[in-house]
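Below are the chains, spelled out letter by letter.
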Amino acid sequence: MKKLFFTVSGILLLFCSCIQNNEQQHNCPVYVPENTVALTTKYISVYPSDWKEFDQPLERYSYATFELEDITKTVLDYGAVMAYLIGSTDNPLPYIFPLETEAGDTIMHNYRFDLEEKAITFILESSDMDIYLPQDTIQFKVSVFSPN
């Protein structure tokens, strides 16, 4: 009985000290941080006419750039941006998948993205170094995590 009394008393004292410290030091589990993050999600349709070619000796790919006001300097420095290729599921970028050619070869396609202030660029790069311009509309989901 003594053991139970001291155990319960100890727990109550710990809980009470935690509540008291919470007002002064914010180091208890009940503390809610003042810094929060805002999440914004945008859906972007990339049409076949949006794709452009980048053709340099060491790099060849197709790309499409879109303005996105939510990508601020603060987001680039302290936040995060996640992009997804929407198919039967949301596939996080970079998304690499095999594609069989008419000749029976398999090449790898890589959808990825690049960021700059106020803009996002979707990139399609291929393992055979050819430039492929998508012929279908592709849907992307972009989630921007901005610190407040």
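Here the structure is a predicted model, which means the values were calculated and not measured.

A. Looking closely at the sheet that holds strand E4 (residues 80–86). Reading across from one edge, E1-E9-E4-E5 is the order of the 4 strands in this open sheet, with antiparallel pairing throughout. Pairing within the sheet leaves two strands with one partner each, and these edge strands are strand E1 (37–46) and strand E5 (90–92). Neighbouring strand axes in the sheet, compared pairwise and without regard to direction, differ in orientation by 30° on average.

B. Inspection of the pattern of salt bridges at higher detail. On inspection of all chains with the given rule, the structure shows 7 salt bridges. The salt bridge partner of Asp 55 is Arg 60, with a shortest N-O separation of 2.8 Å. Among the salt bridges present, the one from Arg 112 reaches Glu 125, with a minimum N-O distance of 3.2 Å. Here Arg 112 is found in strand E7 (residues 106–116), whereas its partner Glu 125 is found in strand E8 (residues 119–126), with 13 residues between them in sequence. For Arg 112, a relative accessible area of 23% puts it in the partly exposed group. Judged by its relative accessible area of 18%, Glu 125 falls in the buried class. Salt bridges linked by common partners bring Glu 59, Arg 112 and Glu 125 together as one network.

The rules behind each value
Residues numbered from 1 in each chain as written. Predicted model: local features only at pLDDT ≥ 70, side-chain atom pairs only at ≥ 80, totals over all residues. Heavy atoms only, no water. Pairing = 2+ DSSP bridges. Helix = DSSP H or I, 4+ residues; strand = E, 2+ residues; numbered from the N terminus. Axes fitted to C-alpha atoms, helices over the stretch in contact; angles between N-to-C directions. Salt bridge = Lys/Arg side-chain N within 4 Å of Asp/Glu carboxyl O. Buried < 20%, exposed > 50% of the residue type's maximum accessible area, 1.4 Å probe, protein only.

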